[in-house]
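# Structural overview
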Amino acid sequence: LLDIFIEECKKVSLSSSSHNSPDAPPHSSHYASDRFMVGMVGYPNVGKSSTINVLLEEKRTAVSKTPGKTKHFQTLNLVDRPITLCDCPGLVFPTFMSTRAEMVCNGLIRIAELRDVI
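Before going into details, it helps to say that this report is about the structure given with it.

Calculation notes
- Positions within a chain are numbered from 1, following the residues in the order the chain's sequence is written.
- Local features are withheld for residues below a pLDDT of 70 in this predicted model, meaning they are given only at 70 or higher, and side-chain atom pairs are given and counted only at 80 or more; totals for whole chains, interfaces and linings count all residues.
- The basis for the side-chain values is all heavy atoms of the structure; hydrogens and waters are excluded.
- The term salt bridge refers to a pairing of a side-chain nitrogen on Lys or Arg with a carboxyl oxygen on Asp or Glu at a separation within 4 Å.
- Residue burial is assigned from relative accessible area. The probe radius is 1.4 Å, only protein chains are included, and a residue is buried under 20% of its type maximum, exposed over 50%, and partly exposed in between.
- Helix and strand definitions follow DSSP, with helices as H or I runs of at least four residues and strands as E runs of at least two, each counted in order from the N terminus.
- By definition, the arc is the one covered by directions from the helix axis to the C-beta atoms.

## Some remarks on the pattern of salt bridges
Counted by the stated rule, this structure contains 4 salt bridges. The residue arginine 81 makes a salt bridge to aspartate 80 at a minimum N-O spacing of 4.0 Å. Here arginine 81 falls in the partly exposed class, since its relative accessible area comes to 26%. Judged by relative accessible area, aspartate 80 falls into the exposed class, the value being 64%. Connected through salt bridges with shared partners, the residues Asp3, Asp80 and Arg81 form a single ionic network.

Next comes the structure, spelled out in structure tokens:
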């Protein structure tokens with residue numbers, strides 16, 4: 001599965017490099033001689049860490065059914081493949097939600113963290 005993922009990254013990289021300006025340095029979309037860096041970004045508890053574990057076919061990142069398990073940015077450098085996977089805590093943009101109650105209903109805030117009644 002990871003090899004298929006890397007092949008798709010190469011296709012995207014090739015198509016985007018054909019759109020780069022002539023002034024762009026070679027390999028500007030990745031670093032260290034064609035090494036891809038792929039970040040998992042999204043709301044809390046949507047499967048970012050689980051996706052990394054599936055791609056690697058082993059448990060390399062901790063997962064939980066409770067939001068907030070990933071506390072910090074993690075990078076997994078794969079020595080035998082040209083890819084670095086990045087896992088980060090769930091991102092919540094409160095300005096996109098109209099109320100705190102809506103954030104609770106969408107699972108973005110744990111009920112146990114609430115201090116007041118909604």
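Read on for the rest.
## Describing helix H2 (residues 48-56)
Taken residue by residue, H2 has Lys48, Ser49, Ile52, Asn53, Leu55 and Leu56 as its buried positions. For H2, the arc enclosing every buried residue in end-on projection is 165 degrees, short of the 170-degree limit, so these residues lie on one face. Downstream of H2 by a residue or two, glutamate 57 has a phi angle that is positive, lying close to 60 degrees.

## Thoughts on unusual backbone geometry
A positive phi angle, close to 60 degrees, is found at asparagine 45, a residue other than glycine. Examined against the element boundaries, asparagine 45 turns out to sit in the loop between strand S1 (36-40) and H2. Overall, asparagine 45 belongs to the partly exposed group, its relative accessible area being 41%. Even without glycine at this site, glutamate 57 takes up a positive phi of about 60 degrees. Within the secondary structure layout, glutamate 57 lies in the loop between H2 and strand S2 (74-78).

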